[in-house]
Amino acid sequence: MIRGARRRHVFTPNNNNTPSPEVDDNTKNIYWQSSEARKLFGFFGDGDEDINVVVEGLHERINLLKKVQEDDDGYQLVIPMTEDSSLGLSSHNKFTIRNKSLFLLKAYQIALEKMRVGVRWIEDCCKQAVTFINSLGIKTTVSGKTVGDWHRHFRKNDKFPHPNPHVRMGKKPTPALFELFPQLEARVREFIMKHLDCFAVEMLRGELITVMIPKLMEEMNADGDSESLGYKLLVNYTDKPPSYSSVLRWVHIMGFTHSTKRKSYMVDGHEHKAQRLHRDQLTANYLTVLEPRCHRWVQMPVSLFEDLPERSEILHSGYTYTGIDGHAMIELHVDDHECLQDYANEKYGKFGGNVSVRITGKPIIIIGQDESVYNQFAFGSKQWVGKAGERAFLPKSNGAGVMISAFQSREFGFGMELTADEMKNINEKRKNDVEYFDKVAAKDVLETTKKKDLTESPFVRKLWYGSNNEGYWTGNHMIVQLEDCMDCLTVLFGETYDFVFLFDHSSGHAKKRVNGLDAEKMNSGHGGLKQHPTMIKEKEGYLGPYHDPENPLMVKVGEEQSLVWEESDLCSPEHGPFYVPQDKRLERRHDILIPVKLKKGKTGPNWLCGQGQGLPPSVMGERFH
């Protein structure tokens, strides 16, 4: 592809092939081989003896401009591509793009016919193109210099600057009122956030007309700015208040959208001072310690780097050093440009990069983890409805659900596929390493501490969640999955690499401290596994900001806090569930025998084991333990 690339053409003059003015094919003129022609039309690539890069480039450019006229959306071919090339374009903008394309098209055609030494681009080509198109009744421009200006913009990369200045400059459009009064935008945003639950555009419009704009005028009068442009704009909005559509547009520009109601929640604590400090530390460690030890770098001679066609597009200047052979070298990150990743893939092969020359020690592989839930009936909030109101019957619940916990890395991609031989070697290792390191987690998840043979890759693990299925994902599941993955990595890579795992793990799945105070596992009555009491430490902030040491109902420093009822010899009658009368609490601590009548024809003891329900002592029997 010639168009759009930077070209370097080696010009070797040949005085014997200089055509006379009478030659029909003007493109054979020696002018088209000159550096002047390459500079004028913006072609600097490499050519050969059989191809004239300037002539070929102009032919491609002419064909491109023809497509602009032929297709309804052809204008998108000659403006910078965004998510939507028509973003912010009016019908007049599109007409202007086609108009420029038409005049340039004719100017390039005339240039191929006439340009040679002594012929002027603007006077003899652009001006003639204007004269010709004007003769057709199209007089949108009458200046050859204007066409020359369009050409200077277009020749850079065969694109016109985007007609919308906000898109061209990468800046979102801002209403003039907000440009002149940034404090007003802050007040509007604060008003919307304060009334987000019941916000309406008309509510904001009323606030602007009756409160915000008059307040700004008072502030400007106090400062003596009654002659400024901002004051005149405020006077205009006072005489002609902003319409509903204008206020709605301002709201959208500020980033607010009106969408379907849905359940939402707030995760608190992300912006706490300690959390922000930790993020800074993590980022600094990742970029300066971990990343240099990963296969994400490429080294090449400086001479090769300087000859790269994409050199001007590479994001970073790189790190220069002297190689072992004495040559000047440069190191770059493979993410600095796509061409660097392609070069690294070809040079280094596996993992697509080398470690940095600035570090020592074992290389690192960083592996990230995340979770996602999938449901059998996961529908959107909207559905199609027929003309007569027909709609499909949808299930009331989400149906069966599976939660997936997966690892992903740049080196292996999503998960990690294991061959039959690799799985066999991994299971052999697990037979030698009989038990899991975290026995509590293994016992909770697998009901045993012993490692079983793996039947599939543990890097992607599924859990059919629900109280009637496999339960719910917890921190113990995460620990077991991690140990299984480490067994695989140890067998596959030995001691070659260090592995760093980054977890995006919900706090709802967090690992609980063994024998910790867990409200979900706290018994409301007698019985159950005994939990050891917790000693309350004397540490600043340990008991929270609302702790009152004078309150007798609150725990005190140095006290043992227990969430189970004491043993019988230490338990007084007042100890027990709060919803049971005090005089009945002690009776519920032990199993008792209750006499029952058996049906006729039945034989057996006439005692039933049950819990005391406040029965008189005469019916209490032997204790059961």
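Before reading further, recall that the structure is shown in the block above.
Not measured: the values here are computed from a predicted model.

We now examine the pairing of strand S3 (residues 328–333). Burial analysis of S3 places five of its six residues in the buried class, which makes it a mostly covered element. Inspection of the sheet shows strand S1 (residues 297–301) paired to S3 by five bridges, in the antiparallel sense. Of the residues in S3, the one forming a bridge with tryptophan 297 is histidine 333. As defined by bridge partners, strand S2 (residues 319–322) adjoins S3 across four bridges and the pair is classed as antiparallel. Paired with threonine 322 across the strands is alanine 328, a residue of S3.

With respect to the secondary-structure elements, lysine 451 resides in the loop between helix H16 (439–446) and strand S7 (460–464). Overall, the relative accessible area of 15% leaves lysine 451 in the buried class. Separated by 3.1 Å, the side chains of lysine 451 and aspartate 487 make a polar contact. Excluding residues that lie within four positions of it along the chain, lysine 451 makes contacts with Arg430, Asp433, Val434, Glu435, Tyr436, Glu483 and Asp487.

We now examine the nonpolar core. Ranked by size, the top nonpolar core spans 38 residues in total, and within it Trp32, Phe41, Tyr108 and Trp121 carry the most contacts. Mapped by element, the contributors of at least two residues to this core are helix H1 (35–41), helix H2 (53–70), helix H3 (91–114), helix H4 (121–135) and helix H5 (144–154). If one sorts the elements of this core by residue count, H3 sits on top with nine residues. Setting aside its immediate chain neighbours within four residues, tryptophan 121 contacts Leu40, Phe41, Ala107, Tyr108, Ala111, Met115, Cys126, Gly148 and His151.

This next bit is on the packing of aromatic side chains. Pairs of aromatic rings are described using the distance from one ring centre to the other and the angle between the two planes. Counted according to the given criterion, the structure contains 21 aromatic pairs. Their ring planes at 65° and their centres at 6.4 Å tell us that phenylalanine 41 and tyrosine 108 sit as a pair that is edge-to-face. With a gap of 67 residues between them, phenylalanine 41 in helix H1 and tyrosine 108 in helix H3 connect regions that are remote in the sequence. Of the residues examined, phenylalanine 41 reaches a relative accessible area of 0% and is grouped as buried. Look at tyrosine 108 and you get buried, because its relative accessible area is 0%. The interplanar angle of 80° and the centroid separation of 5.4 Å between the aromatic rings of phenylalanine 41 and tryptophan 121 together place this pair among those described as edge-to-face. With a gap of 80 residues between them, phenylalanine 41 in helix H1 and tryptophan 121 in helix H4 connect regions that are remote in the sequence. You can call tryptophan 121 buried: its relative accessible area is 9%. Taken together, the aromatic side chains of Tyr31, Trp32, Phe41, Tyr108 and Trp121 make up a single cluster linked through ring pairs. One residue, arginine 358, lies across the ring of tryptophan 297, its end atom 5.3 Å from the ring centre.

Within helix H10 (residues 229–239), burial applies to Gly230, Tyr231, Leu233, Leu234 and Tyr237. The arc that holds the buried residues of H10, viewed along the axis, is 160°, so those residues lie on one side. Residues of H10 that are exposed and angled more than 90 degrees away from the buried face: Leu229, Lys232 and Asp239. Of the surrounding elements, those touching the buried residues of H10 are helix H7 (176–180), helix H9 (201–223) and helix H11 (244–253).

The next subject is the pattern of salt bridges. Summed over all chains, the structure comprises 20 salt bridges. Two residues, arginine 205 and glutamate 202, come together in a salt bridge whose shortest N-O distance is 3.2 Å. Taken as a pair, arginine 205 and glutamate 202 lie in helix H9 at a separation of three residues, close to a single helical turn. The class of glutamate 202 is partly exposed, set by a relative accessible area of 41%. For arginine 461, the salt bridge is made with aspartate 484, and the minimal N-O distance between the two is 2.9 Å.

Rules used throughout
- Residues numbered from 1 in each chain as written.
- Predicted model: local features only at pLDDT ≥ 70, side-chain atom pairs only at ≥ 80, totals over all residues.
- Heavy atoms only, no water.
- Buried < 20%, exposed > 50% of the residue type's maximum accessible area, 1.4 Å probe, protein only.
- Helix = DSSP H or I, 4+ residues; strand = E, 2+ residues; numbered from the N terminus.
- Pairing = 2+ DSSP bridges.
- Polar contact = N/O pair within 3.5 Å; in protein donor to acceptor, adjacent residues only side chain to side chain.
- Contact = heavy atoms within 4.5 Å.
- Core = buried A, V, L, I, M, F, W, Y, C linked by side-chain atoms within 4.5 Å.
- Phe/Tyr/Trp six-rings, centres within 6.5 Å; stacked < 30°, edge-to-face > 60°.
- Lys NZ or Arg CZ within 6 Å of the ring centre and 35° of its normal.
- Arc of directions from axis to C-beta.
- Salt bridge = Lys/Arg side-chain N within 4 Å of Asp/Glu carboxyl O.

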